[in-house]
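# Breakdown of the fold
Listed below are the residues making up each chain.
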Amino acid sequence: MSNDKSSLRPVRFGVIGTGGMGGRHARNLTNEVAAAQVVALADVDEARLQAVAAACGAAHTFADAAELIRHPDVEAVLVAAPDRFHAALTAACIEAGKPVLCEKPLALSAAEALRIVEAEVAGGRRLVQVGLMREYDPAHLRVKQIMDSGALGKALAFHGTHINGGTLSWRTVEDVVTNSAVHDLHSARWLMGDEIVRVFASYVPYSADRPDTARLMLIQLQFRGGAVGRIECNMEAGYGYEVDVKLTGERGSAETNSLRSAVVRHQNQRGQWVEEDWLQRFDTAYIDEVRAWIRSVQLGVADGPSAWDGFASMLVADACIASARSGQPVDVAMPEMADIYRRA
Ligand code: ISE
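Worth saying up front: this structure is predicted, and the values here are computed from it rather than measured.

### Describing the packing of aromatic side chains
Considering all chains together, one arrives at five aromatic pairs under this definition. On the basis of an interplanar angle of 75° and a centroid distance of 6.1 Å, the ring pair of Phe13 and Trp293 is categorised as edge-to-face. Within this pair, whereas Phe13 is found in strand β1 (residues 11–16), its partner Trp293 is found in helix α9 (residues 283–299), the two being separated by 280 residues in sequence. With centroids separated by 5.9 Å and ring planes inclined at 65°, the aromatic side chains of Tyr241 and Trp278 adopt a geometry described as edge-to-face.

### Some details on the sheet that holds β1
Reading across from one edge, β3-β2-β1-β4-β5-β6 is the order of the six strands in this open sheet, with parallel pairing throughout. Unpaired on one side and paired on the other, β3 (60–62) and β6 (128–131) mark the two borders of the sheet. Across this sheet, the average inter-strand angle for adjacent strands is 25°, counted without regard to direction. As paired strands, β1 and strand β2 (residues 36–42) are joined by six bridges and run parallel to one another. In the strand pairing of β2, Gly14 is matched with Ala40. The sheet strands contacting helix α1 (residues 20–32) are β1, β2, β4 (76–79) and β5 (100–103), and the helix crosses β2 at an angle near 155°.

### Section: the site of the ligand
All residues adjacent to the ligand are Lys104, Met133, His162, Asn164, Arg171, Asn179, Ser180, His183, Tyr241 and Trp278. Here an oxygen atom of the ligand sits 3.3 Å away from a polar atom, N or O, in the side chain of Arg171. Taking Tyr241, its side chain carries an N or O atom lying 2.5 Å from an oxygen atom of the ligand. For the ligand, whose unbound accessible area comes to 300 Å², protein coverage reaches 92%. For the ligand, the cavity whose grid points lie within 2 Å of the majority of its atoms is the largest pocket. Ranked by residue count, the leading element in the shell around the ligand is helix α7 (residues 173–192), at three residues. When grouped by side-chain class, the residues that make up the shell around the ligand number three nonpolar, five polar and two charged.

### So, the domain arrangement of the protein
According to the domain assignment, the protein contains domain 1 (5–133 + 287–304) and domain 2 (135–284 + 310–341). Each of domain 1 and domain 2 was reduced to a C-alpha centroid, and the two centroids are 25 Å apart. Of the roughly 2300 Å² buried between domain 1 and domain 2 on both sides combined, carbon and sulfur atoms contribute 65%. On the domain 1 side of the contact with domain 2, Ala110, Leu132 and Met133 bury the most area, a combined 30% of that side's loss. At the boundary of domain 1 and domain 2, one finds zero salt bridges. At the boundary of domain 1 and domain 2, one finds twelve residue pairs in polar contact (both at pLDDT 80 or more). Listing elements by their share of the side of domain 1 that touches domain 2, those giving two or more residues are α1, α5 (110–123), β6 and α9. A total of six residues in the side of domain 1 that touches domain 2 trace back to one element, the largest contributor, which is α5. Tallied by class, the residues present in the side of domain 1 that touches domain 2 amount to 15 nonpolar, five polar and eight charged.

About the thresholds
Residues numbered from 1 in each chain as written. Predicted model: local features only at pLDDT ≥ 70, side-chain atom pairs only at ≥ 80, totals over all residues. Heavy atoms only, no water. Phe/Tyr/Trp six-rings, centres within 6.5 Å; stacked < 30°, edge-to-face > 60°. Helix = DSSP H or I, 4+ residues; strand = E, 2+ residues; numbered from the N terminus. Pairing = 2+ DSSP bridges. Axes fitted to C-alpha atoms, helices over the stretch in contact; angles between N-to-C directions. Contact = heavy atoms within 4.5 Å. Near = heavy atom within 4 Å. Polar contact = N/O pair within 3.5 Å; in protein donor to acceptor, adjacent residues only side chain to side chain. Areas by Shrake-Rupley, 256 points an atom, 1.4 Å probe, with all protein chains shown as cover. 1 Å grid on protein atoms, 1.4 Å probe; cavity = no way out; pocket = protein on both sides within 12 Å on 5 of 7 lines; lining within 4 Å. Sits in = over half its atoms within 2 Å of the grid points. Nonpolar A, V, L, I, M, F, W, Y, C, P; charged D, E, K, R; others polar. Domains from an automatic or database assignment. Buried area = accessible area lost by both parts, 1.4 Å probe. Salt bridge = Lys/Arg side-chain N within 4 Å of Asp/Glu carboxyl O.

Structural data, given as structure tokens:
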């Protein structure tokens, strides 16, 4: 992908968390977005912090994220700390009046996410973008475009497949929903252009004596407009990483295909490389995501998945957790969206 040659002023930003995701974002912003300047990094892991700072030429490093948010050289903040810190760090950025790109999930519960929405609404303008990066995947975008064009008629069904390769350790039901399936819940809302009003989640635990864990989860969806959906989230497929969606319309369907690599036929075999993880599968989406974010900071108009999307996906996530725990379908009561979140 070509480097961004924007003529607008460069944006000086800080990154909180320099692990897998934060490190990738910091490097993408440094190497792929000419209009972005990494000036500060924060992490409690000093060795990792210094390694990423050297790679990105960041002048300031902090163990305390609050110092980074307050620093006058930092105009905008990217939050890639562990999930449990997302809400508090995003709230601190709103309080400081600084644009923030927060990795998903925005919070660990809908109640926590709603406080962010309320803080943003009180300020009267969007400052938050949430890292639901599938909105920047070219194949997902094409599915969205063709469905929105009306060519395939009304959307009748959403199918989402989310296959994790198997290097993750045992995950709890809560973690699977808030850290992984939250992407699929957002894709369902975004691509169908409709809200989810009921879910029924069932799952297979890693072992019978650990019912708090989920190795594979199946979520059935009911949309407000009458359409239906289904999400399979496999946490340990044992062979690689795949994420795909398929939308069925009245006059056709549209779907993505994760398998982008060459098909090789050799010695009576037909084979294709399956990607390792989300960093490989969504490599260009991550670049386009930060590029769009920097552009929105330059223009002073927030764009992309919003705090509302972060909240709405968590509201559905809470219902999925309750459903998985109770074995019953659970209704989702989605409140009215505030005006600042209406997309053009
Ligand atoms: C991870 O945190 C991500 O965000 C990936 O996109 C997702 O596929 C994976 O399941 C999560 O653990």
